[in-house]
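Report on the structure
Letter by letter, the chains look like this.
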Amino acid sequence: MAAPTRVFAFRDARWAPDPVLAPGAAVRGPPPAPLVIDNGSFQTRAGWACPDPAVPAQPLLRFRSLAARSRGARGGAGAETQVGNDLGSPEPLRWLLRSPFDRNVPVQLELQELLLDHIFQRLGVSSQGCVDHPIVLTEAVCNPLYSRQMMSELLFECYQVPKVSYGVDSLYSFYHNRRQNWPCSGLVISSGYQCTHILPVLEGRLDAKNCKRINLGGCQAAVYLQRLLQLKYPGHFAAITLSRMEEILHEHSYIAEDYIEADETVVLLSQHTELQKWRCPEYYENNVHKMQLPFSNKLLGSTLTSEEKQEKKQQQLRRLQELNARRREEKLQLDQERLDRLLYVQLTLICLQELLEDGQMDQFHKALVELNMDSAEELQSYINKLSVSVEQTKQKILQSEVNIEVDVVDSKPETPDLDPLGSEQSLEDVESINEFEPLFAEEQPEVEKPVAAVQPVFNLAEYHQLFLGTERIRAPEIIFQPSLIGEDQAGIAETMQYVLERYSKEQQAVLVQNVFLTGGNTMYPGLKDRIQKELLEMRPFQSSFQVHLASSPVLDAWYGARDWAVEHIDREEGWITRKDYEEKGGEYLKEHCASNVYVPIRLPKQAPRAAEAAAPGRALASGTSEQG
């Protein structure tokens, strides 16, 4: 039985620019509806948190967190900045793309301001003067205080927002998928574009002291897959782009439940690992995915007859002769202009010499100064040289006219011996014609033979195909085995076990009852089964555990932030007002069920200045009493 054909074409979809939306009456208020922004390092999502059914309960904007600023055009136009979907496609502008994120922390606030301007403009929010909508913004786990301080300064000082709330995207997703017995505990595994986090949640609050981060995500998997395929297909190096690798990861990759063991003895005993299956030719043929690269379907050979070839030679010959004649005419025109200039100068010098012969010395010396000459001898020497140049230029012009007439009469290409000009352009012309000499050589007429169509020596479409075998499981495996790409880090299983061992057995049993997977990098088929397998190996015999996958791993963070904003729109819990910002600083955070833990900056207390000034006085007084 023949294996089904698994040939897939790259979509190479272009991003459609975001439309400009007009906010409805329910959004404008009063009170104004909160604006929810999921500020991700891969994609930004924005929409309204409004209980009114007329307002869509989904993000209205979804675009890549990228910006590109082009250099100004030569005509005087200024530099143009494009954000997100306005870029169309990232590959032509890959070297111009910039992101405000370092890993998953925003550090380039001028680029972050461009993203916020794009959101406000496309959602119809006037950012002139102030933005009168509360903002719900996601941030990284254990976000540095400096990053939050700069973000608060941007929102309160630049946009004059009334209040803002910060929360962790994975905890918002956990909040959106909460069970009936909330507040609940669980172990949140969040894997995104840049990082993977293991977050323990006890009684509905984040235990920040035991959170762990792995510096691997979808970005590193795409780069690893690109390197694998570029080494495998060096002939298609430029066609293997990061955008296409991301498409392969999203649609054709999966997590192996049993990848391979590091110990060779275990490998020999286990015949059901995923890599062992791929060694079977039949399994390979049934599961390989062939990605079709774009190509031009033109025949490699030529089917022209001898008459058509001869006609093509004649056309090339005529084209070269016309080009040669055109260049000679241009050269003749330049020489004629030079001759006119020389004759004019010669006439001027002759008039100057006549002044000398007539004895008009004052006018003669004045004319010499204008010509930048010192004496009559220099004048006579220059007149002689000029006369020689005029005669040579006249001879060149006459010879060029003869050569042009010869070109019109004679159909053969010229040789270097017949070119009297000796210019660089004429030598280039002759060299270009000599390259075609074998084509124009006179041949004896031959009997025309039937020419058969030349077929390609191989399948051109198959040559432009990428065969995805073990690459389908090897790229996403790096989050479990970072050593595959040379990273000295622990994988998800080892990090999860390390976090659990920091708790008592009772707390471990509570945490593993709700292992929650969220983030765009958890959408691989087979990831849930792999986590269950890892938990089965690390947990005690006959102990129970449950693994849950977010209903929408990509969008649940935004949905959870919206749910929280709708429930807390009239409360003070979790909202940072402008008064709080001015009194407690930009790094201040009001905690809530989906937020980070606020750790204020503790600076050492300095002694009061009055006490410092009084201390030297007391020391001086005590010294005087001792002397007395």
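Along each chain, the written sequence defines residue order, and numbers are assigned to residues from 1. In keeping with the model being predicted, local features are shown solely for residues with a pLDDT of at least 70 and side-chain atom pairs are shown and tallied solely at 80 or more, while totals for entire chains, interfaces and linings include all residues. Based on all heavy atoms of the structure, the side-chain values leave hydrogens and waters out of the count.

1. So, the side chain of S190
Spelled out, the test is: In this text, helices come from DSSP runs of H or I with a minimum length of four residues, and strands from runs of E with a minimum of two, each type numbered from the N-terminal end. Burial here depends on accessible area, computed with a 1.4 Å probe over protein chains only, as a share of the maximum for the residue type. Under 20% is buried, over 50% is exposed, and the range in between is partly exposed. By the convention used here, residues are in contact when the closest approach between their heavy atoms is within 4.5 Å.
Take S190: it is sitting in strand β12 (residues 186-191). Owing to a relative accessible area of 11%, S190 belongs among the buried residues under this scheme. Beyond its immediate sequence surroundings of up to four residues, S190 is in contact with S170, C195, T196, H197 and T518.

2. Things to note about the UniProt feature "coiled-coil region" (unreviewed entry) in the protein
Let me state the cut-off plainly: UniProt positions are given in the numbering used here, feature names are shortened, and annotations may be inferred rather than shown by experiment.
UniProt marks residues 306-340 with the feature "coiled-coil region" (unreviewed entry), using the numbering shown here. Taken end to end, residues 306-340 is 100% helix and 0% strand, and its two terminal C-alpha atoms sit 51 Å from one another.

3. A word on the sheet that holds strand β5 (residues 67-69)
Formally: By the convention used here, strands pair only if DSSP detects at least 2 bridges between them. For helices, the fitted line uses only the C-alpha atoms of the stretch in contact; every axis is such a line through C-alpha atoms, and the angle between N-to-C directions lies from 0 to 180 degrees.
One open sheet holds the three strands; their spatial order is β6-β5-β7, and the pairing between them is antiparallel. Each edge of the open sheet carries a strand with a single partner, namely β6 (81-83) and β7 (97-98). Sheet topology places β5 next to β7; two bridges connect them, and they run antiparallel. Each residue of the ladder has a partner; that of A67, found in β7, is R98. Contacts from helix α2 (residues 109-122) reach β5, β6 and β7 within the one sheet, and its direction differs from that of β6 by about 70 degrees.

4. Quick word on the pattern of salt bridges
Defined as follows: In the sections that follow, a salt bridge refers to a side-chain nitrogen of Lys or Arg positioned within 4 Å of a carboxyl oxygen of Asp or Glu.
In total, this model carries 19 salt bridges according to the counting rule given. Its salt-bridge partner being R94, residue E91 comes within 2.5 Å of it at the nearest N-O pair. Looking at E91, the relative accessible area reads 25%, which means it is partly exposed. Here R530 and E477 are joined by a salt bridge, their closest N and O atoms 2.8 Å apart. Taken together, the residues R530 in helix α19 (residues 527-538) and E477 in the loop between α16 (471-474) and α17 (492-500) connect sequence positions 53 residues apart. Residue E477 is classed as buried on the basis of its relative accessible area, which comes to 0%. What emerges from the salt-bridge pattern is a single network uniting R11, E247 and E251.

5. Quick notes on the nonpolar core
Across soluble globular proteins, nonpolar side chains show a tendency to be buried alongside one another. Cut-off, in case you're wondering: Nonpolar core, defined: a set of buried Ala, Val, Leu, Ile, Met, Phe, Trp, Tyr and Cys residues in which side-chain atoms within 4.5 Å join the residues together.
The biggest cluster of nonpolar side chains holds 43 residues, and the ones touching the most others in it are I189, L229, I248, L466, I492 and I531. At the level of secondary structure, the elements contributing two or more residues to this core comprise β12, α5 (218-232), α6 (242-252), β17 (465-468), α17, β18 (515-518) and α19. Beyond its immediate stretch of four places on either side in the chain, L229 contacts I240, M245, I248, L466, L468 and E471. Counting 37 residues, the second largest nonpolar core, distinct from the first, contains F120, L123, I135 and Y166.

6. Things to note about the environment of L589
Mapped onto the elements of the fold, L589 is located in the loop between α21 (578-584) and α22 (609-627). Spatially, the C-alpha atoms of L589 and V164 are 9.7 Å apart, while their sequence positions differ by 425 residues. When sequence neighbours within four positions are dropped, the list of residues in contact with L589 reads E139, R148, Y166, I576, N596, V597 and Y598.

7. Brief notes about α17
Condition: Along the arc lie the directions from the helix axis toward the C-beta atoms.
Burial in α17 covers these residues: I492, A493, T495, M496, V499 and L500. Buried residues of α17 fall within an arc of 165 degrees about the axis and therefore sit on the same side. Its buried side turned inward, α17 meets β12, β13 (196-202), β15 (212-214), α18 (505-511) and α19.

8. With respect to the pairing of strand β11 (residues 163-168)
Counting buried residues in β11 gives six out of six residues, a clear majority hidden from the surface. Side chains of β11 alternate between two faces, with K163, S165 and G167 and V164, Y166 and V168 buried alike. With five bridges joining them, strand β10 (residues 135-139) and β11 adopt parallel strand pairing. Residue E139 lies in a different strand from β11, and its bridge partner there is V168. Here two bridges tie β11 to strand β20 (residues 576-577), and the two strands are oriented antiparallel to one another.

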